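Close look at the chain arrangement
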Amino acid sequence: MAYSSVFLQRALEFGIEVKQPVHALLVCKHMLENQHWKLTIDHRKLIRELDEIANELHEVGLVLEGMQHPQIISDFMKNKYVSSVDEILLFVQYSYSHIYAALTTREEGGNTTQVHFEVSQCLFACRKTLSVALQGFLI
């Protein structure tokens, strides 16, 4: 499987050499954990980082979609690496949708207080869906 330069850079930052699908799975988990942690920061500061969060979630989604081969999923389940790749992917996609909504709200602008409130709501929802996605990892 081919990985993007962004994904491989993140793998290097985590000290993981991606040689097998399980290594990519670990990188995905670490990327999601980082985004989950980032969402605890003051949401007013996060507004400037929404594009980066969206890109990271998109990258994880692409890698998880690439792992949708029966043999890979079977190996992950047999070795108890995940409870369900499909469920993790679904909640990563939900998280991305929440960030996209936050991006759209930010771009539309308007009343600053209302924008911050709506973006904060999206970020809270994103954090919740990331929590569910992370529960699917058993490694």
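Here is a short report on the structure shown in this document.

Brief notes about the packing of helix α4 (residues 50–66) against helix α6 (residues 85–108)
- Running from amino to carboxyl end, α4 crosses α6 at an angle of 155°, the nearest separation of the two axes being 9 Å. By the angle between their axes, α4 is roughly antiparallel relative to α6. Crossing of α4 against α6: the hand is left-handed. On α6, the residues that touch Leu50, Asp51, Ile53, Ala54, Leu57, His58, Val60, Gly61, Leu64 and Glu65 of α4 are Val85, Ile88, Leu89, Val92, Gln93, Ser95, Tyr96, Ile99, Ala102, Leu103 and Arg106.
- Of the residues belonging to the contact of α4 with α6, the class tally is 14 nonpolar, 4 polar and 3 charged.

Looking at the pattern of salt bridges
- Under the counting rule described, the total for this entry stands at 7 salt bridges.
- Measuring nitrogen to oxygen at the nearest pair gives 3.9 Å for the salt bridge that ties Lys29 to Glu33. Placement of both Lys29 and Glu33 in helix α2 (residues 21–38) is noted, with a separation of 4 residues, approximately one turn of the helix.
- Residue class for Lys29 comes out buried when judged on its relative accessible area of 16%.
- Here Glu33 falls in the partly exposed class, since its relative accessible area comes to 32%.
- For Glu49, the salt bridge is made with Lys38, and the minimal N-O distance between the two is 3.4 Å. Pair noted here: Glu49 is in the loop between α3 (43–46) and α4 and Lys38 is in helix α2, with a separation of 11 residues, a long-range link.
- We classify Lys38 as buried; its relative accessible area is 11%.
- When salt bridges that share partners are traced, they join Arg10, Glu13 and Glu56 into one network.

Digging into the side chain of Glu56
- Residue position: Glu56 is located in helix α4.
- Residue classification places Glu56 among the buried residues on the basis of a relative accessible area of 8%.
- A polar contact of 3.4 Å, which involves the side chain of Glu56, links it to the side chain of Gln35.
- Filtering out sequence-adjacent residues up to four positions away, Glu56 remains in contact with Arg10, Met31 and Gln35.

Structural notes on the nonpolar core
- Counting 43 residues, the largest nonpolar core has Phe7, Leu32, Leu64, Met67, Phe76 and Ile99 as the members making the most contacts within it.
- Counting only elements with at least two residues in this core, the list comes to α1 (5–13), α2, α4, α5 (70–78), α6 and α7 (112–135).
- The contact partners of Phe76, leaving out residues within four places of it in the chain, are Pro21, Val22, Leu25, Met67, Tyr81, Val82 and Val85.

Calculation notes
Residues numbered from 1 in each chain as written. Predicted model: local features only at pLDDT ≥ 70, side-chain atom pairs only at ≥ 80, totals over all residues. Heavy atoms only, no water. Axes fitted to C-alpha atoms, helices over the stretch in contact; angles between N-to-C directions. Helix = DSSP H or I, 4+ residues; strand = E, 2+ residues; numbered from the N terminus. Parallel < 35°, antiparallel > 145°, perpendicular 65-115°, else oblique. Left-handed = near helix turned anticlockwise from the far one by under 90°. Contact = heavy atoms within 4.5 Å. Nonpolar A, V, L, I, M, F, W, Y, C, P; charged D, E, K, R; others polar. Salt bridge = Lys/Arg side-chain N within 4 Å of Asp/Glu carboxyl O. Buried < 20%, exposed > 50% of the residue type's maximum accessible area, 1.4 Å probe, protein only. Polar contact = N/O pair within 3.5 Å; in protein donor to acceptor, adjacent residues only side chain to side chain. Core = buried A, V, L, I, M, F, W, Y, C linked by side-chain atoms within 4.5 Å.

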